[in-house]
Amino acid sequence: MDRILLPRNMIENSIFEEEPDVVDLAKEPCLHPLEPDEVEYEPRSSRLLVRGLGDHEMDEDEEDYESSAKLLGMSFMNRSTGLRNNIAGYRQSSDGSCSAPSVRTTVICAVVLVIAVSVIMAIYLLPKCTFTKEGCHKKNHTMEDIYPLATNGKPFPWADFRLPGDVVPVHYDVVLQPDLTTLMFSGSVRITVIVRQVTWHIILHSSKLNITKATLSSSGSSQSKPVELREYPLNDQIAIFAPEALLTGQKYNISMEYFANLSDTYSGFYRIAYDNESSTERWLAATQFEPLSARSAFPCFDEPAFKATFQISVKREKQLSALSNMQKKATKPLADGLVQDEFYTSLNMSTYLVAIIVGNLANFTKETSGILVSVYSVPQKLQQTEYASDTATKLLQFYQKYFNITYPLQKLDLVALPDFQAGAMENWGLITFRETALLHDNKTSSAMDKKRVTAVIAHELAHQWFGNLVTMEWWNDLWLNEGFATFMENFAMKEIFPELYADDSFLNLQFKTMEKDAMNSSHPISLAVQSSTEIEQMFDAVSYIKGASLLLMLKNFLHNDVFQTGVQIYLHDHSYRSTRSDDLWDSMNKVTNKTVDIKKLMTTWTLQKGFPLVTVKRKGKQIYLQQEKFVHNVELENQTLPSSYLWSIPLSYTISNGTSFFGSYTHLLDQKSDFIDLPGETEWVKFNVDSNGYYIVQYDEGGWTALIELLKKEPTALSSRDRANLIHNIFNLAGVGKVSLAKAFDLIDYLVKENSTSPILQALYQMSRIFNLVEKRRMHYLSAKVLHKMLTLFGDKIKQQRWTNDGTLSEQELKSSLLTFACSHNLGDCSTVAAKLFNEWKDLNDSKSLPTDVMKIIFTAGAKTEIGWNFLLSMYTSLVSEPEKLKILEALASTDDVRKLSWLMQASLEGSSIRSQDLPTVIRVASQNLPGHLLAWDFVKENWGQLIRKFHHGSYTLQNIVITTTCQFSTQEHLLEVQTFFESKSEETAQLRFVREAIETIQLNIQWMEKNLEMLEKLQ
């Protein structure tokens, strides 16, 4: 059917891993619970209920006791059976009276009764013995055994990863004092909480804080009472034991004092070293709390749904400055030459959005609509902040208009931090960035650099509404934050900065994400997460790029104005609150009046991993459709059969009748198979118009033939996005054996007529993947054949490229990709020209400016020689321009000298001459080259302990490092080596999603090589 027409004016989960029974003292009606050592363990017949466990979870426990009874020669089931048999012994006479049982029956009953009583007495009275499936344990469980143990050896009254909901915060008063000499900090916090359900203890988060004092008082009372505090580091939790019952509806104040080290990792309240204008080392302190690190700066209820207001104060030295989410309210002098900055109370927000920075920073400020927009950097880089200021101002105005909600703060700070693991962080009112993601140098920043800065600012400003104003309730719905911010980033770029926006970038990201999402190791974008590692692993391409792709698909299905109105309703209805995915779909349904059930449609995409393969068969004037899950290999899909998946797919398609062009049509495929009646005969049909849908299409033999002929005769009959989509689809289908690799090569033969960036870059990517597989296997004959094929397709286009900064952004991206390919394989005179330009630049001692769009290629050519490499290294250590430094670093890491590569990786890990934030870049570039790809993997193995300490087990950084160092392996030997290495670390490590992805990638590479080597040998 056609697209649904609507009026144009309308537009999670807890963990409890079979912990022992825990008494919920808060639910005891007497309010005077026994001390833990006064409670004895009881059998399941009078079991102590575990908070958070449903009744249905008792079955397995009851089996424990049935097994225990069997050890004594009798099952509980036999007890009920015996009882039924005894009752049967009393027979009813014909007159309705009961006759007495026989003597034999009476004896049997007596014996059974004696045995039953013996079993019960044994269970209750047998000294120091508890029966389970494993048999007799040494002692009965006291409450100390049932509770998890705190660090002081006493029971900790909570075993869940998630906090209980009986006490919630409403306000925090936080005072922090970082010491940039000792690299420690001290702090105090007063948390105002309200009790929702009567309790004797308060559970909240604290991580690596040395708490020296803890008190509790009733709200409004000046009398604080010391409280007992217990710590449970496994879940980063502390328990505060109240001296008396905390009553429902009452407010209380928790006060604590503490101290800790400034973190030497990239999370929590961490320290950053940098060189000032005179090359003297200086320190600053900054926070990075997302997802779980606010607890390492102050004790708190560190879950996104526990929103509260925050009043932040910072004690500092006079020569330093301090920033936080809100504007500064006052600065007060203290003893010892210190001052205390007090900031205005924040809006209601989640703990992970709190931010504090202390150091020596300079800023560029401008005002827009009463909002102060300031960009901060270290003083020597202040001149690189103006572009970010202009960009943020324009985006702020656009988002306020699009969302129809005014930015609620009076200021917006954007801060470039010298050492920062992520690209940026959306702290409300105080956004932090990596320097390369915020600073722009007119002399050394390329068009692509400018685009990246613009895109990152657009992403983080979108978060001020999606994520900050309205926040996901739990990390299972992270995509509501990141998918929306990624979608809005691209939408805003296209609307405000069309000269910096090209469809190519997001399209290529979507294609790469689909390759990841097709794996068995992928996950639904909305997924239950039950540990810190699982939460960190949610920050991946599926949450960001797939999330954005689904929103793009929905926007095209609903029309722009309907989608925009749904977004506005969602933000308006849930401001300062927390949401789930269903809340977004409910808002959309308010606009559509359920002419289409958006919730029903979209949950098929959010709750299932992967995406559909739509098979299209044309018979006359009818098209037959069928859907199934796209999988790389059914043998590796060891969970759910592909046939059991079902999506509601908003299909789009375009057809042609001779030379006439009918435009596009839509059809909602919400069943396994369906058919479409065409308006007439057609020469060809192309589904997924402009690649706006998140699915792959398989055509029948005639369908592929017609499209291939169309590309060869009249490629512009399809849009450049459609042409890129066909290349992506056919190579992925060839990878799973749905079409032959020969047909894929046949399709891309038309590229000699192609001038658009998207299809050329997609073909270059697919061919480079094949080349890398055979090259890393050292199959020189085959790699030469693949390279020859690539030269045939792209050779003329390489010759057309000029070493200047001219052309549109899309053309400049194409130029950069083609020249990078040519120089890396010594094709034509590329390397010669690049080396000549480098030497001229070096000899003139940087007085000559290089074309920024090809600067990295020129540096890479220079780094091939010993003199050039050393010169670039000296330049790297002295430059102020961050964009130029990054290009030099990538050039240094492209060397074939393994000794230099080893030094670069080690220096990056140590964070000495190269910052640790850039280690993933060094490893990625080194892994691409033949000499470096095995070296990089060896480096990961040898330094695994340091890597997980610095970057955390599930972090996006570690994901990238593992994937980039293993993705080109394609032998059984490497597969076994990678599996063995991770299994040797721990079961938890081996089960990390990105580890499973790395192993699955190698398996798929092996499978691809086995299927296609013969075809590659026939390649002309």
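Everything below is about the structure printed above this text.
Caption draft 1: Examining unusual backbone geometry more closely. Cis geometry is found at the peptide bond from glutamate 290 to proline 291, where omega equals 5°. Within the secondary structure, proline 291 sits in the loop between strand 12 (281-288) and strand 13 (309-317). One non-glycine residue, histidine 559, lies in positive phi territory at about 85°. Relative to the helices and strands, histidine 559 resides in the loop between helix 10 (541-558) and helix 11 (560-573). When its relative accessible area of 17% is taken as the criterion, histidine 559 is described as buried. Positive phi values are uncommon outside glycine, yet histidine 952 reaches one of about 75°. With respect to the element layout, histidine 952 can be found in the loop between helix 27 (944-951) and helix 28 (956-966). We classify histidine 952 as partly exposed; its relative accessible area is 27%.

Caption draft 2: Examining the packing of aromatic side chains more closely. Following the criterion strictly, the structure yields 51 aromatic pairs and no others. With a centroid separation of 5.6 Å and an interplanar angle of 15°, the aromatic rings of tyrosine 645 and tryptophan 647 are classed as stacked. Of the two residues examined, tyrosine 645 and tryptophan 647, each falls in the buried class. By way of ring pairs, the aromatic residues Phe398, Tyr399, Tyr402, Phe403, Tyr407, Trp465, Phe466, Phe484, Phe487, Phe491, Phe563 and Tyr570 are connected into one cluster. The cationic tip of arginine 230 hangs over the ring face of phenylalanine 241; the distance from NZ or CZ to the ring centre is 4.2 Å. Directly above the aromatic system of tyrosine 876 lies the positively charged group of lysine 885, at a separation of 4.8 Å from the ring centroid.

Caption draft 3: View of the sheet that holds strand 8 (residues 228-232). Across the sheet, which stays open at both edges, the three strands sit in the order 5-9-8 with antiparallel pairing between neighbours. Each edge of the open sheet carries a strand with a single partner, namely strand 5 (199-205) and strand 8. If you compare each strand with its neighbour and ignore which way they point, the axes differ by 25° on average.

Caption draft 4: Region of interest: the nonpolar core. Ranked by internal contacts, the top residues of the largest apolar core, which has 297 residues, are Phe298, Tyr399 and Phe687. Ranked by residues supplied to this core, first place goes to helix 10 with eleven residues. In this structure tyrosine 399 touches Asn404, Ala458, Leu461, Ala462, Trp465, Met488, Glu489 and Ala492, once residues within four positions along its chain are discounted.

Caption draft 5: Molecular detail of the pairing of strand 3 (residues 167-179). Sheet topology places strand 3 next to strand 4 (residues 184-195); twelve bridges connect them, and they run antiparallel. Looking across to strand 4, one finds that valine 168 is bridged to isoleucine 194. Where strand 3 lies against strand 13, six bridges are found, and the strand directions are parallel. Note on strand 13: the bridge partner recorded for leucine 176 is valine 314.

Caption draft 6: Quick peek at the environment of glycine 220. Assignment of secondary structure puts glycine 220 in the loop between strand 6 (210-218) and strand 7 (225-226). Through-space distance from the C-alpha of glycine 220 to that of asparagine 253 is 8.8 Å; in sequence the pair is 33 residues apart.

Caption draft 7: Representation of the state of the cysteines in the model. The final tally for this structure, using the stated rule, is one disulfide. With its sulfur 1.9 Å from that of its partner, cysteine 823 forms a disulfide with cysteine 830. For the disulfide bridge between cysteine 823 and cysteine 830, the dihedral angle about the S-S bond is near -85°, and by the sign convention the bridge is left-handed. A single burial state applies to cysteine 823 and to cysteine 830, both of which are buried.

Caption draft 8: The arrangement of the packing of helix 7 (residues 478-496) against helix 12 (residues 581-592) in detail. Between helix 7 and helix 12, the least distance of the axes is 9 Å, while the angle of their chain directions is 55°. Put simply, helix 7 runs oblique to helix 12. Of the residues in helix 12, those touching helix 7 at Trp479, Leu480 and Phe484 are Ser581, Leu584 and Trp585. Here the residues of the contact of helix 7 with helix 12 sort into five nonpolar, one polar and no charged.

Calculation criteria
For every chain, the first residue of the written sequence is number 1, and numbering continues from 1 onward in sequence order. Reporting of local features is limited, given that this is a predicted model, to residues whose pLDDT is at least 70; pairs of side-chain atoms are given and counted only at 80 or more, and all residues count toward the totals for whole chains, interfaces and linings. Side-chain measures were taken over the full set of non-hydrogen atoms in the model, leaving aside hydrogen atoms and water. Comment: elements are numbered from the N terminus, with helices defined as DSSP H or I runs of at least four residues and strands as E runs of at least two. Between buried and exposed lies partly exposed: a residue is buried under 20% and exposed over 50% of the maximum accessible area for its type, with that area taken using a 1.4 Å probe on protein chains only. Note on ring pairs: Phe, Tyr and Trp rings are taken, using the six-membered ring of Trp, and paired if centres are within 6.5 Å. Classes follow the plane angle, with under 30 degrees stacked, over 60 edge-to-face and the rest tilted. Sitting over a ring, as applied to charges here, requires NZ of Lys or CZ of Arg to be within 6 Å of the ring centre and within 35 degrees of the ring normal. Between any two strands, pairing holds if DSSP finds at least two bridges. Orientation is described by axes fitted as lines to C-alpha atoms, over the contacting stretch for helices, and by angles from 0 to 180 degrees between their N-to-C directions. Put simply, buried Ala, Val, Leu, Ile, Met, Phe, Trp, Tyr and Cys residues joined by side-chain atoms within 4.5 Å make one nonpolar core. The contact criterion used throughout is that any non-hydrogen atoms of two residues lie within 4.5 Å. Any pair of cysteine sulfurs within 2.5 Å is marked as a disulfide. Relative orientations are named as follows: roughly parallel for angles under 35 degrees, roughly antiparallel for angles over 145 degrees, roughly perpendicular for angles from 65 to 115 degrees, and oblique for any other angle. Throughout this entry, Asp, Glu, Lys and Arg are counted as charged residues, while Ala, Val, Leu, Ile, Met, Phe, Trp, Tyr, Cys and Pro are counted as nonpolar. The remaining residues, Gly among them, count as polar.

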